[in-house]
Amino acid sequence: MNKQRAFLKWAGGKYSLVDPIRSLLPPGRTLIEPFVGAGSVFLNTDYERYVLNDVNPDLIGLFKAVKRRPKTFIDDAMGLFSARNNHADAYYALRKRFNQSHDSYERAVLFLYLNRHGYNGLCRYNQSGAFNVPFGQYKRPYFPQAEIEAFAEKAKRATFTCMSFEKVFRRARQGDVIYCDPPYAPLTTTANFTSYASGGFNLEHQHELARRAAHAAHKRGIPVLISNHDTDLTRVLYRDADIHKLQVTRFISQKGSSRGKVAEVLALYTPNASNVIDITDKLQKKAL
């Protein structure tokens with residue numbers, strides 16, 4: 001199966017980890033993603049059905065618009081990818097228009113523009129709920145027409161929802177498989193917890209996700225795979241899972257001029273739990 005890129009730039013996207021994730025996901029009828037992000041796992045697996053969820057209504061609104069009217073969406077969004085819109089004044093004017101708009105389709109079109117023209121493809125809102133990512137200053141932002149078309153075709157198998165991960169877990173049934181890519185736990189205890197928690201996913205949520213994963217697998221027969229940083233905290237949280245360790249290449253400076261290895265885990269909860277194990281050399285090479 002050839003790898004398909006998502007049409008959004010997305011911090012923490014799983015394109016580079018598709019192989020190890022795909023190799024660990026059990027078979028099933030429906031893949032459920034409570035934290036779908038840009039959708040790389042969805043695009044690179046082959047389940048009969050998908051339930052794709054995120055708490056960001058702009059992200060889910062965009063995915064619904066692409067599924068519903070892909071050709072119209074491409075035509076409308078492509079019109080914003082022009083030289084006259086690729087400078088700071090135009091960007092901030094369109095960002096303001098996005099923040100003032102209450103039309104879901106207009107917000108979807110503008111969200112793609114902001115994603116591709118904003119700094120590092122970040123998705124960030126202030127305390128008032130306004131999108132506040134600065135202009136990215138790219139020479140010629142890429143318009144992902146082929147990627148949108150591929151997503152729209154695959155989305156015929158998908159249902160998109162916008163709710164809490166707790167509600168998503170409650171709706172799962174036997175025959176489903178759950179993959180979770182939550183906001184990652186802080187790498188160290190000295191990390192800025194205020195900044196981390198401001199995203200709406202704090203340490204209590206990390207605990208609750210692990211608890212629900214164990215309950216879904218061991219009490220309800222629904223396998224769950226979770227990706228996260230490899231830390232003392234996550235090893236404790238995922239003690240009821242098979243933990244597969246791997247090293248992931250990441251940018252390690254704000255300028256993006258250097259890369260470093262970051263330890264991550266894939267925690268697999270199955271109806272028949274086994275011991276904690278390390279990822280195989282073959283699997284690790286695929287992930288890098």
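Just so we're clear, the structure is a prediction, and the values are computed from it rather than from any experiment.

**Regarding the overall build of the protein chain**
Then step 1. Of regular secondary structure, the protein chain possesses 12 helices and seven strands.
Then step 2. Buried positions account for 49% of the 288 residues belonging to the protein chain.
Then step 3. Considering only residue pairs separated by 6 or more positions, the protein chain has 68% of its internal contacts joining residues 24 or more positions apart.

**Some words on the packing of helix H4 (residues 70-78) against helix H6 (residues 104-117)**
Describing two packed helices takes the angle between their axes plus the distance from one axis to the other.
Then step 1. Packing of H4 against H6 leaves a shortest axis separation of 9 Å and a crossing angle of 60°. Our classification of the angle between H4 and H6 gives oblique. Read as a crossing pair, H4 and H6 show a hand that is right-handed. Facing H4, whose interface residues are Thr-72, Phe-73, Asp-76 and Ala-77, H6 presents Tyr-105, Ala-108, Val-109 and Leu-112.
Then step 2. Of the residues that constitute the contact of H4 with H6, the class distribution is six nonpolar, one polar and one charged.

**Some remarks on the pairing of strand E2 (residues 49-53)**
Then step 1. In this sheet, E2 lies alongside strand E1 (residues 30-33) in parallel orientation, the contact comprising four bridges. The residue of E2 that forms the bridge with Ile-32 is Val-51.
Then step 2. One ladder, built from four bridges, connects E2 with strand E3 (residues 158-161); its direction is parallel. Across the sheet, Val-51 pairs through a bridge with Thr-159, a residue of E3.

**Concerning the side chain of Glu-33**
Then step 1. Within the element layout of this structure, Glu-33 appears in strand E1.
Then step 2. Buried and unpaired, Glu-33 has Lys-154 as its nearest opposite-charge partner, separated by 8.4 Å.
Then step 3. The residues touching Glu-33, leaving out its near neighbours within four places in the chain, are Val-41, Phe-42, Val-51, Leu-52, Asn-53 and Tyr-179.

**Some remarks on helix H7 (residues 145-154)**
Then step 1. Within H7 the residues assigned to the buried category are Glu-147, Ile-148, Phe-151, Ala-152 and Lys-154. Projected down its long axis, H7 carries its buried residues within an arc of 165°, all on one side.
Then step 2. Buried-residue contacts for H7 involve helix H2 (40-43), E2, helix H3 (57-68), H4, H6 and E3.

**Overview of the UniProt feature "binding site: S-adenosyl-L-methionine" (unreviewed entry) in the protein chain**
Then step 1. Look at the UniProt record and you will see "binding site: S-adenosyl-L-methionine" (unreviewed entry) annotated at Trp-10, Lys-14, Asp-54 and Asp-181.
Then step 2. What Lys-14 contacts, discounting residues up to four positions off in sequence, is Ile-21, Ser-40, Val-41, Tyr-179, Asp-181, Tyr-184 and Ser-227.
Then step 3. Position of Asp-181 relative to the elements: it lies in the loop between strand E4 (176-180) and helix H9 (193-197).
Then step 4. Asp-181 sits in the buried class, given a relative accessible area of 17%.
Then step 5. The contacts of Asp-181, once residues within four sequence positions are left out, are Gly-12, Lys-14, Phe-35 and Ser-227.
Then step 6. A distance of 3.0 Å separates polar atoms of two side chains, one belonging to Asp-181 and the other to Lys-14.

The rules behind the values
Residues numbered from 1 in each chain as written. Predicted model: local features only at pLDDT ≥ 70, side-chain atom pairs only at ≥ 80, totals over all residues. Heavy atoms only, no water. Helix = DSSP H or I, 4+ residues; strand = E, 2+ residues; numbered from the N terminus. Buried < 20%, exposed > 50% of the residue type's maximum accessible area, 1.4 Å probe, protein only. Contact = heavy atoms within 4.5 Å. Axes fitted to C-alpha atoms, helices over the stretch in contact; angles between N-to-C directions. Parallel < 35°, antiparallel > 145°, perpendicular 65-115°, else oblique. Left-handed = near helix turned anticlockwise from the far one by under 90°. Nonpolar A, V, L, I, M, F, W, Y, C, P; charged D, E, K, R; others polar. Pairing = 2+ DSSP bridges. Lys, Arg positive; Asp, Glu negative; His and termini not counted. Salt bridge = Lys/Arg side-chain N within 4 Å of Asp/Glu carboxyl O. Arc of directions from axis to C-beta. UniProt positions renumbered as here; feature names shortened; annotations may be inferred. Polar contact = N/O pair within 3.5 Å; in protein donor to acceptor, adjacent residues only side chain to side chain.

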